[in-house]
Amino acid sequence: VWLSVLISSTGDGVFITALPLLAATLTGDPVLIAGITIATRLPWLVLSMFTGAIADRMDRRRLMIAADVARFAVVSALGFSVLADTVDIWQLYVCAFLLGAGETLHVNAAQAILPDLVEPDDLMQANARFGSAQIASAQFAGPPFGVALFNAAASLPFLADAVTFAGSAALIRALPDAHAVDPPTTKLRDDLREGFRFVRDNIIVRRITEVLAVINFFYFAATSLLVLYNERLLQGSNTTYAALFVGAATGTVLSRFVINWLVARVGKAGTLAAAIWLWAASIV
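The structure contained in this document is the topic of the report that follows. It should be emphasised that the depicted structure is a prediction, and the values quoted were computed from it without experimental measurement.

A word on the packing of aromatic side chains
Thought 1: Per the counting criterion, the structure on display carries five aromatic pairs.
Thought 2: Ring centres 5.9 Å apart and planes at 80° place the aromatic pair phenylalanine 15 and phenylalanine 158 in the edge-to-face group. On the criterion of sequence distance, the pair formed by phenylalanine 15 in helix 1 (residues 2-26) and phenylalanine 158 in helix 7 (residues 156-173) is long-range, its members being 143 residues apart.
Thought 3: On the basis of relative accessibility, which here comes to 5%, the residue phenylalanine 15 falls in the buried class.
Thought 4: Looking at phenylalanine 158, the relative accessible area reads 0%, which means it is buried.
Thought 5: With a centroid separation of 5.1 Å and an interplanar angle of 85°, the aromatic rings of phenylalanine 217 and phenylalanine 218 are classed as edge-to-face. Summarising the burial analysis for this pair, phenylalanine 217 and phenylalanine 218 share the class exposed.
Thought 6: Ring pairing ties together the aromatic residues Tyr219, Phe220 and Trp279, which thus form one cluster.

So, the side chain of arginine 61
Thought 1: Checked against the element boundaries, arginine 61 lands in helix 4 (residues 60-83).
Thought 2: Looking at arginine 61, its side chain comes within polar contact range of the main-chain oxygen of leucine 175, at 3.1 Å.

Some thoughts on the nonpolar core
Thought 1: One finds Phe15, Leu19, Ile36, Val75, Leu78, Leu92 and Phe158 to be the most contacted residues of the largest nonpolar core, which totals 31 residues.
Thought 2: The set of elements that each furnish at least two residues to this core consists of helix 1, helix 2 (30-46), helix 4, helix 5 (89-117), helix 6 (123-152), helix 7, helix 10 (226-233) and helix 11 (238-255).
Thought 3: Residue contacts for leucine 78: discarding those within four places in its chain leaves Phe15, Leu19, Val87, Gln91, Leu92, Cys95 and Phe158.
Thought 4: Judged by nonpolar contacts, the second largest core, of 17 residues, contains Ile65, Ala67, Leu105 and Ala109.

Focus: the environment of arginine 62
Thought 1: With respect to the secondary-structure elements, arginine 62 resides in helix 4.
Thought 2: As a C-alpha pair, arginine 62 and threonine 10 span 52 residues in sequence and 21 Å in three-dimensional space.

A look at a positive patch on the surface
Thought 1: There is a patch of like positive charges on the surface, built from Lys187, Arg189, Arg193 and Arg197.
Thought 2: Topologically, lysine 187 is positioned in the loop between helix 7 and helix 8 (188-201).
Thought 3: For lysine 187, a relative accessible area of 54% gives the class exposed.

Things to note about unusual backbone geometry
Thought 1: The residue aspartate 85 is not glycine, and still its phi comes out positive at about 60°.
Thought 2: Take aspartate 85: it is sitting in the loop between helix 4 and helix 5.
Thought 3: One non-glycine residue, glutamine 235, lies in positive phi territory at about 55°.
Thought 4: Considering the arrangement of structural elements, one finds glutamine 235 in the loop between helix 10 and helix 11.

Observations regarding a nonpolar patch on the surface
Thought 1: Together, Ile203, Ile204, Ile208, Leu212 and Leu272 make up an exposed nonpolar region whose accessible area comes to about 460 Å².
Thought 2: The dominant element in the nonpolar patch, judged by the number of residues it contributes, is helix 9 (residues 203-223), at four residues.
Thought 3: In this fold, leucine 272 is placed in helix 12 (residues 259-283).
Thought 4: With relative accessibility at 49%, the residue leucine 272 sits in the partly exposed group.

Thoughts on the pattern of salt bridges
Thought 1: Under the counting rule described, the total for this entry stands at eight salt bridges.
Thought 2: Note that aspartate 201 is salt-bridged to arginine 200, the shortest N-O span being 2.9 Å.
Thought 3: Since its relative accessible area comes to 52%, aspartate 201 is described here as exposed.
Thought 4: Put simply, arginine 206 and glutamate 210 hold a salt bridge, and the shortest N to O gap is 3.7 Å. One end of the pair, arginine 206, and the other, glutamate 210, are both in helix 9, four residues apart, so they sit about a helical turn from each other.
Thought 5: Connected through salt bridges with shared partners, the residues Asp12, Asp68 and Arg71 form a single ionic network.

Basis of the calculations
Counting restarts for each chain, with residues numbered from 1 along the sequence as it is written. A pLDDT threshold of at least 70 governs which residues receive local features in this predicted model, and a stricter bar of 80 or more applies before side-chain atom pairs are shown or counted, although totals over entire chains, interfaces and linings include all residues. Calculated side-chain values reflect all of the structure's heavy atoms, with hydrogen atoms and water omitted. Planes of paired rings set the category: under 30 degrees apart is stacked, over 60 is edge-to-face and the rest tilted, where pairs are Phe, Tyr or Trp rings (Trp by its six-membered ring) whose centres lie within 6.5 Å. Think of it this way: any DSSP run of H or I at least four residues long counts as a helix, any run of E at least two long counts as a strand, and we number them from the N terminus. Buried, partly exposed and exposed residues are distinguished by accessible area as a fraction of the type maximum, computed with a 1.4 Å probe on protein chains only: under 20%, between the cut-offs, and over 50%, respectively. Side-chain atoms alone can form a polar contact between residues adjacent in sequence; in general such a contact is a pair of N or O atoms within 3.5 Å, and within protein one must be able to donate a hydrogen while the other accepts it. Here, the term nonpolar core denotes a set of buried Ala, Val, Leu, Ile, Met, Phe, Trp, Tyr and Cys residues that are joined through side-chain atoms within 4.5 Å. Should any heavy atoms of two residues lie within 4.5 Å, those residues are considered in contact. Distance thresholds for patches are 9 Å for like charges and 5 Å for nonpolar side chains (Val, Leu, Ile, Met, Phe, Trp, Tyr), applied to residues having over 30% relative accessible area and no salt bridge. Note on areas: these come from Shrake-Rupley sampling with a 1.4 Å probe, and a residue is covered only by the protein chains present in the view. Within this document, salt bridges are pairs made up of a side-chain nitrogen of Lys or Arg and a carboxyl oxygen of Asp or Glu, the two lying within 4 Å of each other. Neither His nor the chain ends is counted toward charge; the positive residues are Lys and Arg and the negative residues Asp and Glu. To locate a charge, take NZ of a lysine, CZ of an arginine, CG of an aspartate or CD of a glutamate.

Structural data, given as structure tokens:
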């Protein structure tokens, strides 16, 4: 599972850098370019509760494979459209939304399968490795690779991304077929309502959700125009564009080595607070 996430997230990193670069060759309109980020992240807003409920009702291994196969088909079609020089900005919107939808399903299923694979006492460490691998590959390894491929040929990042999804699906298929859940005894609609009520009524989960909503709002507001900011204001190249992602990812990779030490000294809540204050200070 860890290797699957590592490979597919590397492909995501290739995609998230190459897609804005491709969009910038099709239009210079900041609104249209920012819309690419909206299309990519919108599934997390409107579908993540639904795909989370699906992951609780179906075989998570098969869901992860289905998500990878679907994303393989979408990004392959985009790559061949770029190769044939028939791509337009609206196709980028559709592909970004579909890939984002597949990402919500894959990530929800992958996180839900972890308790089946590790002991409860190892779950925090497993989650830390899962999250750091996901971010490091998506923001550390993927962006430079995506820029290098885009500089060679605009279609290559997307065709390479298709290969990562195929590899991810092959790895998950090799897992023992022992991660099915019990047949559902409730309706999907009732599961969604229960999920919304749980978030609303559990003050800790609700508070974390509210904090993450604010952080992500401003984070993606900034990154949605990063390609234009780099090009027009920093007078940067595609290489400096990739370096911005790598810089952010470096902190994530290094933090993995101090997370247990920090939690042992200030607790989980203190660690979360320290992370948010550190983020706020760096933004200012």
